[in-house]
Amino acid sequence: MTHLPISTPACALGLMAKAPLAGEVKTRLVPPLTALEAAELNVCFLRDMAANIARLSETAAASGLVVYTPAGAESTFAGVLPAGFELLVQRGASLGERLCNATGDLLQQGYGGVCLINSDSPTLPQSFLLRAIELLMTEGDRVVLGGAEDGGYYLIGLKHAHKHLFHNIAWSTPEVFVHTKQRAAEIGLPVELLPPWYDVDDAATLERLCEDLFNEPSVAAYPAPYTRAFLASLIDAEGVERICPNFSGRRRA
């Protein structure tokens, strides 16, 4: 692993997150989960992704935080995040506005670069995050994109809050990644791509997550111990068929 020099300006790694309230988060996972289980799984995702970032921050010039919504929900994150994690409230009516405003807010705090990351990819490899930091700490303006397999992106990294990148994007569609690259081309902004990864936001991707956590994992994947323990407790109590009816392998201990 390549470590950044400690003199390098810090990069903010911000998890975009909703307050983990039952009935408000991971609703596309209900069923197979209950609303309460979906909220508990969301907490596990946050714990794992924050722990991944915190571990990276020990050796790379980066710091972690959660960019959350709605305002006033700060208490829902108590006891979930590692020491040193900050909270920043999302501002804006649309997702594009919230992403752009969060980038600008963090850059104004003095960060040299900002990566905004979804909170739905608990097995996201740490090496992808490190590569994003390295790209943002390299001279010259650019946008760093980590494409999600559903057509969106799991990470966007910027040195400047380019509003045009978030303009006229068909949010929550398979066109988000393509549209964002088009917006970058329109303003002559170089695009650096990270390897693709996946979000866990429906029954099919939950099954994929179970496959990754309980079969032989990808060498690159983060092990997501909180998520794995929670899913294992559901499987032990009710059987794998309840949440992953098409599970194909033997569960590892």
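Refer to the structure above for everything that follows.
To keep things clear, this report deals only with the structure shown in the data block. Not measured: the values here are computed from a predicted model.

1. Details of the nonpolar core
- Within the largest apolar cluster, 58 residues are counted, with the highest numbers of intra-cluster contacts made by Leu13, Ile117, Leu155, Leu206, Leu231 and Ile243.
- When residues of this core are assigned to their parent elements, the largest contribution, 10 residues, is made by helix H1 (residues 35–57).
- Ignoring any residue separated from it by four or fewer positions in sequence, one finds Ile117 in contact with Leu13, Gly14, Leu15, Met16, Met49, Ile53, Leu124, Leu129, Tyr154 and Leu155.
- Core analysis: the next-biggest nonpolar cluster, separate from the first, contains 25 residues, Tyr111, Leu116, Val143 and Ala184 among them.

2. Here's the deal with the side chain of Glu211
- With respect to the helices, strands and loops of the structure, Glu211 is situated in helix H5 (residues 203–214).
- Buried charged residue Glu211 carries no salt bridge. Nearest counter-charge: Arg208, at 9.5 Å.
- Polar side-chain contacts of Glu211 include one of 2.4 Å to the side chain of Asn215.

3. Notes on the packing of aromatic side chains
- In the structure shown here, the tally under the stated rule is four aromatic pairs.
- Geometrically, the ring pair formed by Phe128 and Trp197 is edge-to-face, given 5.6 Å between the ring centres and 90 degrees between the ring planes. Of this pair, Phe128 sits in helix H3 (residues 126–136) while Trp197 sits in strand E7 (residues 191–197), placing them 69 residues apart in sequence. Here Phe128 matches Trp197 in class, with each residue buried.

4. A word on H5
- With 12 residues, H5 extends 16 Å from end C-alpha to end C-alpha; this agrees with the ideal 16 Å at 1.5 Å per step.
- Looking at the buried side of H5, the elements it contacts are H1 and helix H6 (225–238).

5. What about the packing of H1 against H3?
- Viewed as axis vectors pointing N to C, H1 and H3 meet at an angle of 55 degrees, and their least axial separation amounts to 10 Å. Classified by the interaxial angle, the pair formed by H1 and H3 is oblique. Relative to H3, the crossing made by H1 is right-handed. The segment H1 lies against H3, with Asn52, Ile53, Arg55 and Leu56 engaging Gln126, Leu129, Leu130 and Ile133.
- Broken down by class, the residue content of the contact of H1 with H3 amounts to five nonpolar, two polar and one charged.

Quick notes on the rules
- All residue numbers refer to position in the chain's written sequence, counted from 1.
- Reporting in this predicted model follows two pLDDT cut-offs: at least 70 for local features of residues, and 80 or more for side-chain atom pairs to be given and counted; totals over whole chains, interfaces and linings ignore these cut-offs and use all residues.
- Each side-chain value is derived from all of the structure's non-hydrogen atoms; neither hydrogens nor water enter the calculation.
- Definition used in this section: a nonpolar core is a set of buried Ala, Val, Leu, Ile, Met, Phe, Trp, Tyr and Cys residues joined via side-chain atoms within 4.5 Å.
- Classification of residues uses two cut-offs on accessible area relative to the type maximum, computed with a 1.4 Å probe and protein chains only: under 20% is buried, over 50% is exposed, and between them is partly exposed.
- Labels follow the DSSP assignment, with helices taken as runs of H or I lasting at least four residues and strands as runs of E lasting at least two, numbered in each case from the N terminus.
- Contact definition: two residues touch when any of their heavy atoms are within 4.5 Å.
- None of His or the chain ends enter the tally, which takes Lys and Arg as positive and Asp and Glu as negative.
- What makes a salt bridge here is a side-chain nitrogen of Lys or Arg within 4 Å of a carboxyl oxygen of Asp or Glu, nothing more.
- Pairs of N or O atoms are called polar contacts if they sit within 3.5 Å, as long as, within protein, a hydrogen donor faces a hydrogen acceptor (for residues adjacent in sequence, only side-chain-to-side-chain pairs).
- Two aromatic rings, drawn from Phe, Tyr or Trp (for Trp, its six-membered ring), form a pair once their centres lie within 6.5 Å of each other, and the interplanar angle then sorts them: stacked below 30 degrees, edge-to-face above 60, tilted otherwise.
- Residue count minus one, scaled by 1.5 Å, sets the expected span of a helix.
- To get an axis, a line is fitted to the C-alpha atoms, and for a helix only the part in contact is used. The angle between two axes follows their N-to-C directions and goes from 0 to 180 degrees.
- Throughout this description, any angle smaller than 35 degrees is read as roughly parallel, any larger than 145 degrees as roughly antiparallel, any in the 65 to 115 degree range as roughly perpendicular, and the remainder as oblique.
- Here a crossing is called left-handed whenever its near helix is offset anticlockwise from the far helix by less than a right angle, and right-handed whenever the offset is clockwise.
- Residue polarity follows a fixed list, in which Ala, Val, Leu, Ile, Met, Phe, Trp, Tyr, Cys and Pro are nonpolar, Asp, Glu, Lys and Arg are charged, and the others, Gly among them, are polar.

Honestly, that's just the spatial picture; any functional story needs more than this.
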